[in-house]
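One-letter residues, chain by chain:
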Amino acid sequence: MGLNDTPSAQRVHIGFFGRRNAGKSSLVNAVTGQDLSVVAAAAGTTTDPVRKSMELLPLGPVVIIDTPGMDDEGSLGEKRVRQARRVLEEADMAVLVVDCQQGMTGSDRELEELFKQKDIPYLIALNKCDLLATVPAAADHEIYVSAREGIRIHELKERLARLTGQRRDRPLVRDLLQAGSRVILVIPIDEAAPKGRLILPQQMMVRDILEAGSLALCVRETELAAALQAMKEPPDLVITDSQAFGKVNALVPEEIPLTSFSILMARYKGFLETAVKGAAAIRSLKDGDRVLVAEGCTHHRQCGDIGTVKIPGWLKDFTGANLTVETSSGRSFPDDLTGYQLILHCGACMLNGREVLSRMRRARDQGVPFTNYGTGIAYMHGILGRSIAMFPQLARYLKEGQ
């Protein structure tokens, strides 16, 4: 996979923020070397966040996000400001663009405080320095630049690259394996499977297994029994699509570790502990409760779709309750979650880690249990304990019977 083929969720997300006419769009264009954003003298030219996936040396694959001005006015302006603030939920790092002739204003300082609260690494780009008679010394987190004249643009990119180095590289599965470990990946090929390709978690898992020097065997659930029988020695791990959890659990002997793509993705994204604790709330659901089934991507719904058909069916069978199950997809995740008794999120393979953790924290702060597909499905099938056995620190969150 080349740099330009890197999925958006695996790229560093860099948000450019600031007031109208501070030169955000001009600076974005200068940094990317492209006319990514429309530039004009009139205030408020950028009306919606503009995203561009690209390779930005020396950083590598990134998503650049140009945002509306944080000082926009009127009812429409307020909506634009809300959209800009939402970019904070996905930004791995931020650039606060300030017109150095005017200096920091109240809205700039408010943004800087938000960066600190959300633990977002940031730089303050003091733009239009070509208009100053003398350029003063900059603080450690500041840099004087000129988008128009291209002054210190390369230095800005190098400093952003150093901020990128602060990101932790979480393992997906390779830390659970040794060189030569044998792993079976159970990948159903049904109506919901994309034509001619594997979905992102499956691709990522194969790559991580190879990084560990281990062996990956991909089978459908219909060939799993034959694969197990054909192996001279049992596999060291079986990873399954959550939809096939019940069938796979019945086929894989208890002594063989078993988990799912979704559970490992929750660990990779940093919210597996929350997902395990949240799954226990399924048992407490009662008539009239509302459940939000949230997906990070948008796709054409198929017959037997997991989010709109299978999970609601499993919830009804497990709880025996008459529940109201609602769905959201893409970036339509609600701000107000207080009306829900549970949130079941997808594996979040199409969201970067910061955005899915932001959703998790929003649910936690509003007192709503949060889990994900694989963890919730394993809980409802009575096999969550087995599915997280390789993470013994999570055992204390399980209820009896798991």
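Anything mentioned here points back to the structure above.
Model, not experiment: these values are computed from the prediction.

Draft legend 1. View of the environment of Gln366. Position of Gln366 among the secondary structure elements: in the loop between α11 (353–365) and β14 (370–372). Along the sequence, Gln366 and Thr338 sit 28 residues apart, while their C-alpha atoms lie 6.0 Å from each other. With sequence-adjacent residues up to four places away left out, Gln366 is seen in contact with Asp335, Asp336, Leu337 and Thr338. A distance of 2.8 Å separates a polar atom in the side chain of Gln366 from the backbone oxygen of Asp335. A polar contact is formed between the side chain of Gln366 and the backbone nitrogen of Thr338, at a distance of 3.3 Å.

Draft legend 2. Molecular detail of the sheet that holds strand β13 (residues 342–345). In spatial order, the strands read β12-β11-β13-β14; together these four strands make up an open sheet with parallel pairing. Of all strands in the sheet, those bounded by a partner on one side alone are β12 (324–328) and β14. Each adjacent strand pair in this sheet contributes to an overall mean axis angle of 25 degrees, direction not counted. As defined by bridge partners, strand β11 (residues 290–294) adjoins β13 across four bridges and the pair is classed as parallel. Across the sheet, residue Leu292 finds its bridge partner in β13, namely Ile343. Strand contacts of helix α9 (residues 272–279): β13 and β14, with the helix running at about 105 degrees to β14, the strand carrying the most contacts.

Draft legend 3. Layout of the pattern of salt bridges. The final tally for this structure, using the stated rule, is 20 salt bridges. For the salt bridge of Arg148 with Glu149, the shortest nitrogen-to-oxygen distance reads 3.6 Å. You can call Arg148 exposed: its relative accessible area is 61%. A salt bridge links Arg362 to Asp335; the shortest N-O distance between them is 3.5 Å. Linking Arg362 in helix α11 with Asp335 in the loop between β12 and β13, this pair joins segments that are 27 residues apart in sequence. Residue Arg362 is classed as buried on the basis of its relative accessible area of 19%. If you follow the salt bridges from partner to partner, you end up with Arg86, Asp335 and Arg362 in one network.

Draft legend 4. The arrangement of the nonpolar core in detail. Core analysis: the largest hydrophobic core is formed by 78 residues, its most contacted members being Met205, Ile239 and Leu315. Considering each element in turn, this core owes the most residues, six residues, to helix α8 (residues 261–269). Setting aside residues no more than four positions away along its own chain, Met205 makes contact with Leu172, Val173, Leu185, Ile239, Phe261 and Leu264. One finds Phe16, Leu27, Ile64 and Met93 within the second-largest nonpolar core, a separate group that totals 24 residues.

Draft legend 5. Up close: helix α3 (residues 106–117). Over its twelve residues, α3 extends 16 Å from the first C-alpha to the last, a length consistent with the 16 Å expected when each residue adds 1.5 Å. Those residues of α3 not exposed but buried are Ser107, Asp108, Leu111, Glu112, Leu114 and Phe115. Along the axis of α3, the buried positions cluster into a sector of 155 degrees, meaning they face one direction only. Away from the buried face of α3 by more than 90 degrees, exposed residues Gly106 and Gln117 are located. Immediately beyond the C-terminal end of α3, within one or two residues, lies Asp119, with a positive phi of roughly 55 degrees.

Draft legend 6. Spatial organisation of the packing of helix α5 (residues 200–211) against α8. Where α5 contacts α8, the two axes come as close as 10 Å, and the packing angle between them is 75 degrees. By the criterion of interaxial angle, the relationship of α5 to α8 is roughly perpendicular. On the side of α5, the interface is formed by Pro201, Gln202, Met204 and Met205, while α8 contributes Phe261, Leu264, Met265 and Tyr268. Residues belonging to the contact of α5 with α8 are distributed by class as follows: seven nonpolar, one polar and no charged.

Draft legend 7. View of the sheet that holds strand β8 (residues 215–219). The strand order across the open sheet built from four strands is β8-β7-β9-β10, with neighbouring strands paired in parallel fashion. In this open sheet, the two strands that pair with only one neighbour each are β8 and β10 (258–260). Sheet twist, expressed as the mean angle between neighbouring strand axes with direction ignored, is 25 degrees. Where strand β9 (residues 237–240) lies against β10, three bridges are found, and the strand directions are parallel. Counted as the bridge partner of Thr240 is Ser260 from β10. Sheet strands touched by α8: β7 (182–186), β9 and β10. Its angle to β10, the strand with the most contacts, is close to 70 degrees.

Cut-offs and rules
Residues numbered from 1 in each chain as written. Predicted model: local features only at pLDDT ≥ 70, side-chain atom pairs only at ≥ 80, totals over all residues. Heavy atoms only, no water. Helix = DSSP H or I, 4+ residues; strand = E, 2+ residues; numbered from the N terminus. Contact = heavy atoms within 4.5 Å. Polar contact = N/O pair within 3.5 Å; in protein donor to acceptor, adjacent residues only side chain to side chain. Pairing = 2+ DSSP bridges. Axes fitted to C-alpha atoms, helices over the stretch in contact; angles between N-to-C directions. Salt bridge = Lys/Arg side-chain N within 4 Å of Asp/Glu carboxyl O. Buried < 20%, exposed > 50% of the residue type's maximum accessible area, 1.4 Å probe, protein only. Core = buried A, V, L, I, M, F, W, Y, C linked by side-chain atoms within 4.5 Å. Expected span 1.5 Å × (residues − 1). Arc of directions from axis to C-beta. Parallel < 35°, antiparallel > 145°, perpendicular 65-115°, else oblique. Nonpolar A, V, L, I, M, F, W, Y, C, P; charged D, E, K, R; others polar.

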